[in-house]
Each structure stands twice: as structure tokens, then as C-alpha cells.
Number of protein chains: 2
Amino acid sequence: MLDIETLVIIFSLHQGQLQVLLCQGQGYPRLPGRLLQDGLTLEDNALACLKEHTSLPQAYLEQLYTYGDLQRRTQTGRLVSVAYFALLASDAIDQLPAQQQWHPVNDLPPLVHDHTDIVHYALRRLRYKLEYSAVGFELLPEAFSLSELQRTYEIILGETLDKRNFRRRILQAGIIEPTPHQRSGGEGRPARLYRYRPDAIAEVKARRLFP
Amino acid sequence: MLDIETLVIIFSLHQGQLQVLLCQGQGYPRLPGRLLQDGLTLEDNALACLKEHTSLPQAYLEQLYTYGDLQRRTQTGRLVSVAYFALLASDAIDQLPAQQQWHPVNDLPPLVHDHTDIVHYALRRLRYKLEYSAVGFELLPEAFSLSELQRTYEIILGETLDKRNFRRRILQAGIIEPTPHQRSGGEGRPARLYRYRPDAIAEVKARRLFP
DNA sequence: GCAAAAGTGTTACAGTTACACCCATGG
DNA sequence: CCATGGGTGTAACTGTAACACTTTTGC
């Protein structure tokens, strides 16, 4: 007997940290998963899994890797796991039932099977992808300030960035545009809000290093 | 009924071109594939597929993508295809039965299903990977000259590279080392042979472009 | 000695990094 | 008026790209 499941590593920003959604497994927490349903593509099945756990029908979703080792089994037989990772916008999170099990990716409890390795691999891919594509916006609301964007990058990359250099580069890249609005209400000077330009080229070709 | 197959896009250099191994499909040529066998991991199944078609037990092998749309079917039911790409060293090729169906990747015949798209995606990944990892060596024999290495890069990338810059960068990266041997017998001055340093770090972190 | 491929450095330019102060608002 | 976060430019440096001639071998 052979089964396929989709696993989804669901990332979001929360309390200044990158967090992952976990659910109850056998003994240990585990990644949300769902057996592949007849009539659904792999991606639709992953989206259905996302919806089961967050009620959100849509999100940035990308295939990560397919795991097919022999330890991977259901009760009845062999299992192959197709892992996806998802990025949730922080404003979407705030509207959730709030009884979710979010865990900071830097401080995960032990997980079932190899799920810890899978999360770490997803994080590696996310960091890597941040460096040559515009994927960081997926974690922010539609309108955001440059400081919020910079904080997002810093949280994911785990390092601080220079404010002036960050702004210059992100604006020169032409992938965001100012909106007429400002974020006021907080302390300090109100920030101009920007939005991602949907017509911008999503992936900027990185300069070749080698050779 | 649900089945899993592994597909393998087998690349090699041949006659100054990057070529792909195809086999006979229904009406059109197709990529080598093999239904997942009980007791084999996905990767071992892909290796078994490679061995069926080339008699080579080993090669550079990397998972590419898993295709799970609804058009993908066997006679009996649904099919999910886990695609891998393989790189064969050019000296290994020369020892093959030679009745293989190699096709230049730039001049493919029409293929069954979406196999043409899969090959093009594999090529994109190969090109991309060449820019930040040492994967180019996998297509060469163990000992190679710098000119041969440069030609390999030029063929895959589809552009010419500056000889002096190429040499400086590849040597500075410290990923190859000279051997005491030379390649003589051809026309012109004999070339010093180099080999890949197995202790070198395989992936060089590309400079971040963004931001 | 000539054809053919191997090998070798320097200079101009572009992109990256480092760095400190003034501005607008709310309380 | 002061605390808080927003916003701005320049100079040194580092890495990249462009470029032409000499060397070694076989015939």
C-alpha cells in the first residue's frame, strides 16, 4: 500500500519572530499534513491543508522537497511526503481564531520523525530565496513602511542591516512604490507606506559568483 | 489507484553540446522513468532508472520537482512523477553501448506529455546552480584542463567567458588543484590538468543582491 | 618556422559598505 | 520640549570587466 501526503511548513511573523505553525502529533508536535485526495493536484492538496489549519484559502505556497525514505510509513504502508512551505501575511494572522500553535523557528520543541530537519531546510530555502527574489513581501500586509520591511528581512536573515543602504537598494530595485498613505498613531514621526509593485519582476538575477 | 514514478533528466556533454538522454515513448520520445519499487527510496529508484538506461551505477543526482497534476495518469490510475536530474562525466559516456538516444538540449524533438517543459526546467536549474556551486565538474572527467572546464561552462550557460577572468576566479576560489600531469597529444601547447578538490566547500555563498 | 592552443597582469569602472545627523509627530 | 521612530548623502574601498601578447608543443 502506498500513500502520498502533503506537508506544509507555514511561516509567519509574530511578535518580532519568524514562527511556524505546528499541530498535535503522536507524542510530539508535527507539521500540518494531509493525505493526497483524489481529484486534487498536489498544490491544491497543500492549499486544502493550509485551509484546514488556518481557515485561509490563499497564501504564498512553494514546493520544497519530496521525502521518500523507507522509515516514512502510515499504519497501512509506505508513505511519500511532498513538502511545501507557505508564507502568511501578518495582517491575515491577526484575524485567525488565535488558538493556533505558533512556535518561533529558532526555538522549536522536538518534533515527530524528521520534521525538525524539514523545517530547517525550509528556513534555509526561505533565507536563500529572500536574497534573490521579492518573497519578503509575502509576510507583510499590503501596505507597509520601509522600517517594517527592513525588520522583516532582519528577522528572517538573523542579522541587522544598514538603514540607508537598505532603503537605497530596495527603492532602486523599483519593486515597491509609495502609496499616498502614512502610518500614524504610533510614537514618533509617521512612516510613509509603500506597496509591492505587482508588475515588478519577481526574481532579480543574482550576479554570478562562480566562475 | 495511485502510482509514483521517478523521472530522470540525464545530461551529458557530447560533441560540444549539452545533451539529454531520451527513450521511446508512446508516439513521441520521452524521459527515462520507472515506477517506484517497494523497498527503494525515491533516490535509489532514480538511480535504478539511471542504471537501466546507461548501465552506470553512479552519477551526480539531484531532486528537481514533483509533478502531481491530474492529467498525469497510468492506464490504471493516477500518477505522481518525482523528477531528478543527473550529470554524467564525459569519460563515462564514451564507454556506453553507444546506441543511446542523445539529443542536444537546444534542439529537442517533441516529447510526450509535459516532458519538454520538465527538461527546460531542469536546464534552468542546472544553469542557475552552476553559478553558485561546483556542479560543472560533474560533467568532466576526473582530470581536466582549464580550457575544458571553461568550455563546459560556456556550453551550459550559452555564452562565452573571458579566459583570464575565468582562470583567475576559478583558481582563487580554491576548488580545484593542479595535478602533476599534462594533456598532450593534441595540437598546440599541452595543458596542465587539474582536479576538483573533494575537500572544497561545494556551495559558495553568492553575494546578496537584494537587498 | 608556423599553426594551434595554453598561459599570463593591469587598468578603468561600478557597486558596496560604512557612517551621523536632522525631521515630524504625540504626549 | 522631549522622546520616538522616520528619513536622508557622501567618501573610501572592493570586486568586476575589458583587454593583447608570449609560450610551448607538433608537424
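On a predicted model such as this, the values are computed, not experimentally measured, just so you know.

Asker: Go over the protein's contact with DNA strand C with me, naming the residues and quoting the values.
Answerer: Lining the immediate surroundings of DNA strand C are 21 residues, of which A:Arg169, B:Ser147, B:Lys163, B:Arg164 and B:Arg192 lie closest. By atom count, sugar and phosphate contribute 43% of the portion of DNA strand C lying within 4 Å of the protein. Within the contact set of DNA strand C, a base nitrogen lies 3.2 Å away from a side-chain nitrogen or oxygen of A:Arg164. In this structure, A:Arg169 approaches DNA strand C through a side-chain N or O atom, which is 2.6 Å from a phosphate oxygen. Going through the elements one at a time, α5 (163–172) of chain A together with α5 (163–172) and β10 (191–196) of chain B are the ones with two or more residues in the surface near DNA strand C.

Asker: I'd like a description of the packing of helix α3 (residues 115–130) of chain B against helix α4 (residues 146–157) of chain B, backed by residues and values.
Answerer: Residue and element names in this part refer to chain B. The geometry of α3 relative to α4 is characterised by a closest axis approach of 10 Å and an angle of 140° between their N-to-C directions. Judged by the inter-axis angle, α3 sits oblique to α4. Crossing hand, α3 versus α4: left-handed. Between α3, through Leu 126, Arg 127 and Leu 130, and α4, the contact on the second element is made entirely by Tyr 153, Ile 156 and Leu 157. For the contact of α3 with α4, the class distribution of residues is five nonpolar, no polar and one charged.

Asker: Could you give an account of the protein's contact with DNA strand D, with specific residues and numbers?
Answerer: Every one of the 21 residues lining DNA strand D counts as a neighbour, but A:Lys163, A:Gly188, A:Arg189, A:Arg192 and B:Arg169 are closest to it. By atom count, sugar and phosphate contribute 42% of the portion of DNA strand D lying within 4 Å of the protein. At 2.8 Å, a side-chain N or O of B:Arg169 approaches a phosphate oxygen of DNA strand D. Within the contact set of DNA strand D, a base oxygen lies 3.0 Å away from a side-chain nitrogen or oxygen of B:Arg189. Elements supplying a minimum of two residues to the surface near DNA strand D: α5 and β10 (191–196) of chain A together with α5 of chain B. Along the lines of polarity and charge, the residues of the surface near DNA strand D split into three nonpolar, four polar and 14 charged.

Asker: Could you give an account of the interface of chain A and chain B, naming the residues involved and the relevant values?
Answerer: Each side of the interface is counted separately: chain A has 42 residues, and chain B has 42 residues. A buried area of about 3800 Å², summed over both sides, lies between chain A and chain B, and 60% of it is on carbon and sulfur atoms. Across the contact surface, chain A and chain B share zero salt bridges. Across the chain A-chain B interface, the total number found is nine residue pairs in polar contact (both at pLDDT 80 or more). Put simply, the parts of the chain that give the side of chain A that touches chain B at least two residues each are β1 (2–14), β5 (60–67), β6 (78–87), α3 (115–130), α4 (146–157) and α5 of chain A.

Rules used throughout
- Residues numbered from 1 in each chain as written.
- Chains lettered and ligands numbered in written order.
- Predicted model: local features only at pLDDT ≥ 70, side-chain atom pairs only at ≥ 80, totals over all residues.
- Heavy atoms only, no water.
- Near = heavy atom within 4 Å.
- Polar contact = N/O pair within 3.5 Å; in protein donor to acceptor, adjacent residues only side chain to side chain.
- Helix = DSSP H or I, 4+ residues; strand = E, 2+ residues; numbered from the N terminus.
- Axes fitted to C-alpha atoms, helices over the stretch in contact; angles between N-to-C directions.
- Parallel < 35°, antiparallel > 145°, perpendicular 65-115°, else oblique.
- Left-handed = near helix turned anticlockwise from the far one by under 90°.
- Contact = heavy atoms within 4.5 Å.
- Nonpolar A, V, L, I, M, F, W, Y, C, P; charged D, E, K, R; others polar.
- Buried area = accessible area lost by both parts, 1.4 Å probe.
- Salt bridge = Lys/Arg side-chain N within 4 Å of Asp/Glu carboxyl O.

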